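# Structural overview
Here's the letter readout for the chains.
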Amino acid sequence: MKKGVNLVINNLCGGYPNFCIRNISIEVDSGDFLGVIGTNGSGKSTLLKLLLGDLPLRKGNLFFNEEDFTTYSRLQKAQNVAVVPQLIEPLPMSVKEYVLLGRLPYRRKFQFFESITDNQIAERYMQMTGVLHLQDVPLSQLSGGERQMATIAKALTQEPRLLLLDEPTSQLDIQHQLQILDLVKHLITKLNIAVIMVIHDLNLASAYCNKLLLLSDGEKVAEGTPEQVIRKETIEQVYNTPVVIQQHPVLQTPTVFLLPQRVI
């Protein structure tokens, strides 16, 4: 098992010519499940791309275990950070072939085939994500939930310290949403990793994440525990929608209820 992670984001600014993240600072450690929330176009996915170096930084610092993360090569980043994207192409390959792509950052020069260790690692994470029995099935024949699990298995096969998920539950039914998030929360403890997840559902974010970062128009509005972030005044201001917030009867986390206009 790799050692833990400490990610420090300090005064981060950057993004697209017509849209920028501005002055974002937050710290994430092993064991943290950070949910990034906000309206459409608030900068959630842009933040992930800045962390990965897919978009240019204009200002600020990124420290990964006290090292300047912006100096990491693509290979170094791939050995430490894995991504589960929002949209997953149904590629013409089997689940096992797809999951084994996660071992590419560890290929030695002139190594053309997976090693025994590579296969063992891939099988371990296929088993953990519940897709081992599908290893010979083409991705194109999987359901959305199964494909998402296979993608998480691929990401874990990279053996990352930090796992980034971009709206992993947005196209799934309730059962698969909970299955994915239960798994991710389990992995945080079992593998000693940190997770940053972009998510739209405020109630799922509140139930599963120990930290939240609320963005609006590229800026940080609030950060902290769900209790500190999901407040009536804050949510109504950012989402421009009237809400009622009550404590979950079992989890004791804040739960957001929408108010249809005819009720007001």
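What follows concerns the overall build of the chain. Looking only at helices and strands, one finds 9 helices and 12 strands in the chain. In summary, the chain has a C-alpha radius of gyration of 19 Å against a globular reference of 18 Å for 264 residues, a match within 12%. For the chain, the spread of C-alpha atoms along the three principal axes comes to 65 × 40 × 35 Å. When the 264 residues of the chain are sorted by exposure, 48% land in the buried category. Contacts in the chain between residues far apart in sequence, at least 24 positions, make up 68% of those at least 6 positions apart. Carbon and sulfur atoms make up 51% of the accessible area of the chain, which amounts to about 13100 Å² in all. The chain carries 25 positive and 26 negative side-chain charges, and their two centres are separated by 4 Å.

Before going further, it helps to spend a moment on the nonpolar core. Judged by nonpolar contacts, the single largest core of 52 residues is most densely connected at Phe33, Ile37, Val95, Leu163, Leu187, Val195 and Met197. Here this core takes 7 residues from helix H6 (residues 174-191), the largest share from any one element. Within the second largest apolar cluster, 28 residues are counted, among which are Val28, Leu50, Ile196 and Leu215.

Let's shift gears to the pattern of salt bridges. Counted by the stated rule, this structure contains 9 salt bridges. Note that Arg103 and Asp118 form a salt bridge whose closest N and O atoms lie 2.9 Å from each other. Placement of the pair is Arg103 in the loop between helix H3 (95-100) and helix H4 (116-129) and Asp118 in helix H4, with a sequence separation of 15 residues. There is no split in this pair, since Arg103 and Asp118 are both buried.

Here a ring pair, both rings aromatic, is described through the centre-centre distance and the interplanar angle of the planes. Counted according to the given criterion, the structure contains 3 aromatic pairs. For the pair Phe64 and Phe69, a centre-to-centre distance of 5.1 Å together with 25 degrees between the ring planes defines the contact as stacked. Overall, the relative accessible area of 0% leaves Phe64 in the buried class. Following the ring pairs from residue to residue traces out a cluster consisting of Phe64, Phe69 and Tyr72. A cation sits over an aromatic face here: Lys77 above Phe69, 5.4 Å from the ring centre.

For the pair helix H5 (residues 144-157) and H6, interaxial distance at closest approach is 10 Å and the crossing angle is 15 degrees. The angle between H5 and H6 places the two elements in the roughly parallel class. Seen from above, H5 lies across H6 with right-handed handedness. For the pair formed by H5 and H6, the contact residues are Gly145, Gln148, Met149, Ile152 and Leu156 on the first element and His176, Gln179, Ile180, Leu183, Leu187 and Leu191 on the second. Of the residues in the contact of H5 with H6, the class split is 7 nonpolar, 4 polar and no charged.

Let's shift gears to the side chain of Asn65. Inspection of the secondary structure puts Asn65 in the loop between strand S4 (57-64) and strand S5 (67-68). In terms of polar contacts, Asn65 uses its side chain to reach the backbone carbonyl oxygen of Gly4, at 3.1 Å. From its side chain, Asn65 meets the backbone nitrogen of Asn6 in a polar contact 2.6 Å long. Ignoring sequence-local partners within four residues, the contact set of Asn65 consists of Lys3, Gly4, Val5, Asn6 and Arg161.

Position of Glu27 relative to the elements: it lies in strand S2 (residues 19-29). Sequence-wise, Glu27 and Ile9 are 18 residues apart; in three dimensions their C-alpha atoms are separated by 6.0 Å. Once residues within four sequence positions are removed from consideration, Glu27 is found in contact with Asn6, Leu7, Val8, Asp32 and Lys211. Among the polar contacts made by the side chain of Glu27, one reaches the side chain of Asn6 at a distance of 2.7 Å.

Now for H6. With 18 residues, H6 extends 26 Å between its outermost C-alpha atoms, agreeing within 8% with the 26 Å of an ideal straight helix rising 1.5 Å per residue. The set of residues buried in H6 consists of Gln177, Ile180, Leu181, Leu183, Val184, Leu187, Ile188 and Leu191. Each buried residue of H6 sits inside an arc of 155 degrees when the element is viewed along its axis, so together they form one side. Exposed positions of H6 whose direction lies more than 90 degrees from the buried face are Ile174, Gln175 and Thr189.

Conventions used here
Residues numbered from 1 in each chain as written. Predicted model: local features only at pLDDT ≥ 70, side-chain atom pairs only at ≥ 80, totals over all residues. Heavy atoms only, no water. Helix = DSSP H or I, 4+ residues; strand = E, 2+ residues; numbered from the N terminus. Rg over C-alpha atoms; globule rule 2.2 N^0.38 Å. Buried < 20%, exposed > 50% of the residue type's maximum accessible area, 1.4 Å probe, protein only. Contact = heavy atoms within 4.5 Å. Areas by Shrake-Rupley, 256 points an atom, 1.4 Å probe, with all protein chains shown as cover. Lys, Arg positive; Asp, Glu negative; His and termini not counted. Charge placed at Lys NZ, Arg CZ, Asp CG, Glu CD. Core = buried A, V, L, I, M, F, W, Y, C linked by side-chain atoms within 4.5 Å. Salt bridge = Lys/Arg side-chain N within 4 Å of Asp/Glu carboxyl O. Phe/Tyr/Trp six-rings, centres within 6.5 Å; stacked < 30°, edge-to-face > 60°. Lys NZ or Arg CZ within 6 Å of the ring centre and 35° of its normal. Axes fitted to C-alpha atoms, helices over the stretch in contact; angles between N-to-C directions. Parallel < 35°, antiparallel > 145°, perpendicular 65-115°, else oblique. Left-handed = near helix turned anticlockwise from the far one by under 90°. Nonpolar A, V, L, I, M, F, W, Y, C, P; charged D, E, K, R; others polar. Polar contact = N/O pair within 3.5 Å; in protein donor to acceptor, adjacent residues only side chain to side chain. Expected span 1.5 Å × (residues − 1). Arc of directions from axis to C-beta.

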